[in-house]
Amino acid sequence: MKIKEIKDINPGQFIDQKIREIHSFVGDALAINTLSGGVDSAVVTMLGHRALGERLKTFFIDTGLMRKDEPQQVVSTFKKLGIQVQVVQAQDQIFSALKGLRDPEEKRATITHIFYKEIFGKLIRESGAKFLLQGTNYTDVEEIVAGLKHQQKVLEQLGIDSEEVYEYKVIEPLIQIRKPLVRKVCRTLAMPAAIHSRPSFPAPGLAARILGEITPDKVDLVREANRIVETFLSATGAFQYMAILHNDWVTGVKKGKRYPGWQIEIRCWDSKDALSGVPFKLNQTLLLEMSDKIIAEVPGVVSVLYNITRKPPLTIEAV
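Because the structure is predicted, anything quoted here is derived from the model rather than measured. The residue count restarts for each chain, going from 1 along the sequence in the order it is written. Owing to the predicted nature of the model, reporting of local features is limited to residues with pLDDT of at least 70; listing and counting of side-chain atom pairs is limited to 80 or more, with chain, interface and lining totals taken over all residues. Only hydrogens and water are set aside when side-chain values are computed; all heavy atoms of the structure are taken into account.

Re the nonpolar core
Here is step 1: As used here, the term nonpolar core means buried Ala, Val, Leu, Ile, Met, Phe, Trp, Tyr and Cys residues forming a set that is joined through side-chain atoms within 4.5 Å. Partly exposed describes any residue whose relative accessible area lies between the buried limit of under 20% and the exposed limit of over 50%, with all areas from a 1.4 Å probe on protein chains only and scaled to the type maximum. Formed by 84 residues in total, the largest nonpolar core has its most connected members in Val-43, Ile-61, Leu-65, Phe-78, Leu-233 and Ile-294.
Here is step 2: Pairs of residues are marked as contacts when any of their non-hydrogen atoms sit within 4.5 Å. Each residue touching Leu-65, except ones within four places of it in the same chain, is listed here: Ile-94, Phe-95, Leu-98, Ile-111, Phe-201, Pro-204, Gly-205, Leu-206, Ala-207, Ile-214, Val-219 and Arg-223.
Here is step 3: In this structure, Ala-208, Met-242, Trp-269 and Leu-314 belong to the second largest nonpolar core, which totals 10 residues.

Shown next as structure tokens:
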């Protein structure tokens, strides 16, 4: 199906329209949605609850691939907004499925299958819901159509009929707008800055920031590095920023001796639409301070790099 981008909106009118559409699609039935803490899923959660009230059940899928303390923070934030979020533990399923995988597209496709077939499918069956609300935005669709990467949130453009394959209908209220307009809608919904200004986070979580095989130990390592990067760069105004764990050890020096350790890559982007981007101009003193803190606080890291490649040819995320 051809999706037409909407390049400008009146946020209030957009919100009213989407609430009516969700209510019309679902009718008197039940729906579910999953909340990652990112701005896309946050906006869809709020729109869905305004449209359906208690007939929308919201879940946080704890994959073990999220940012530091994210499950607790998300549940607490939305409880204050009057929305109950149920946490679903899925770490064992995810890590078991990813064991031994190294190819980036295979890892993304595996996570997609686990989410839609096993996790969402089980939630649908147990709740009796027939609809899944999710925060696909226009850039997600554009990247999959262009063949740039396997987007976890995109089904129809991959030729997947969710009703036929998974036995539920997917509703995508944000599919015609890009991230900047999603943030605009988020602010209009009076959601806190911790949500509407939150740096973008990939659907596969920290799996998108680990080169090579994904293990719990590697996730713990890149999670700590990512926390430090977000702390240092949150006030820069950059479009997106992250820490990436490289696959092989490099040689460092510790206590006067050669010491093999991990290498972290930092990416920080200046972009308007995520389709193209340039490295954000960061002060060298800031880079050195960030590097020193990562090496001091993240066990085993001996090297920190700053990537200066444009998109394209690079992609914003590593995987």
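From this point, the narrative continues.
Topic: helix H3 (residues 70-80)
Here is step 1: All buried positions along H3 are accounted for by Glu-70, Pro-71, Val-74 and Phe-78. Take H3 and look down its axis: the buried residues cluster within an arc of 100°, on one side only. Away from its buried face, by an angle of more than 90 degrees, H3 presents the exposed residues Gln-72, Lys-79 and Lys-80.
Here is step 2: Only DSSP runs of H or I reaching four residues or more are called helices, and only runs of E reaching two or more are called strands; each is numbered from the N terminus. In this fold, the buried residues of H3 make contact with helix H2 (39-52), strand S2 (56-62), strand S3 (85-89) and helix H9 (193-196).
Here is step 3: Just beyond H3, the residue with positive phi is Gly-82, at close to 85°. Regarding the arc, it is the one traced by the directions from the helix axis to the C-beta atoms.

Points about the packing of helix H10 (residues 216-233) against helix H11 (residues 284-297)
Between two packed helices, the angle of one axis relative to the other and the distance separating the axes together describe the packing.
Here is step 1: Relative to each other, H10 and H11 sit at 155°, their axes nearing to 10 Å. Between H10 and H11, the interaxial angle falls into the category roughly antiparallel. Note that H10 runs across H11; the crossing there is right-handed. Packed against H10, whose contacting residues are Ala-225, Arg-227, Ile-228, Val-229, Phe-232 and Leu-233, the element H11 presents Leu-286, Glu-289, Met-290, Lys-293, Ile-294 and Glu-297 at the interface.
Here is step 2: Looking at the contact of H10 with H11 residue by residue, the class counts come to 8 nonpolar, no polar and 4 charged. Inter-axis angles, ranging from 0 to 180 degrees, are taken between N-to-C directions of lines fitted to C-alpha atoms, where helices are fitted over the stretch in contact. Roughly parallel covers angles under 35 degrees, roughly antiparallel covers those over 145, roughly perpendicular covers 65 to 115, and oblique covers all other angles. Handedness of a crossing is defined here by the sense of rotation of the near helix relative to the far one, left-handed for an anticlockwise turn of less than a right angle and right-handed for a clockwise turn. For this classification, Asp, Glu, Lys and Arg are treated as charged, while Ala, Val, Leu, Ile, Met, Phe, Trp, Tyr, Cys and Pro are nonpolar and the rest, including Gly, are polar.

Description of the side chain of Thr-63
Here is step 1: Secondary-structure assignment places Thr-63 in the loop between S2 and H3.
Here is step 2: Of the residues examined, Thr-63 reaches a relative accessible area of 3% and is grouped as buried.
Here is step 3: Polar side-chain contacts of Thr-63 include one of 3.0 Å to the backbone nitrogen of Leu-65.
Here is step 4: Setting aside chain neighbours within four positions, we find Thr-63 in contact with Ala-90, Gln-91, Ile-94, Phe-95 and Phe-115. Any pair of N or O atoms that falls within 3.5 Å is considered a polar contact. Within protein, one atom must be able to donate a hydrogen and the other to accept it, and sequence-neighbouring residues count only if both atoms are side-chain atoms.

Remarks on the sheet that holds S2
Here is step 1: Spatial ordering of the open sheet is given by S3-S2-S1-S4-S5, a layout of 5 strands whose pairing is parallel. Pairing within the sheet leaves two strands with one partner each, and these edge strands are S3 and strand S5 (169-171). Across this sheet, the average inter-strand angle for adjacent strands is 30°, counted without regard to direction.
Here is step 2: Two elements, strand S1 (residues 31-34) and S2, share 4 bridges in a ladder whose sense is parallel. Looking at S2, one finds that Ala-31 is bridged to Leu-56.
Here is step 3: Contacting S1, strand S4 (131-133) and S5, helix H1 (residues 11-26) runs over the sheet at an angle of about 160° to S4. In this analysis, strands are considered paired if DSSP registers two or more bridges between them.

Notes on the pairing of S2
Here is step 1: With 6 of 7 residues buried, S2 is to be regarded as a mostly interior element.
Here is step 2: Seen with its strands pointing away from the viewer, a crossover is right-handed when the path leading from the first strand over the helix to the second is clockwise. Crossover connection from S1 via H2 to parallel S2: handedness right-handed.
Here is step 3: Note that S2 and S3 share 5 bridges and pair parallel. Residue Phe-60 lies in a different strand from S3, and its bridge partner there is Val-87.
Here is step 4: Handedness of the crossover joining S2 and S3 through H3 is recorded here as right-handed.

Brief notes about helix H8 (residues 179-188)
Here is step 1: For H8, the set of buried residues is Lys-179, Leu-181, Val-182, Arg-183, Val-185 and Cys-186.
Here is step 2: Buried residues belonging to H8 abut H1, H2 and H9.
Here is step 3: Two residues or fewer past H8, Ala-190 is found with a positive phi of approximately 65°.

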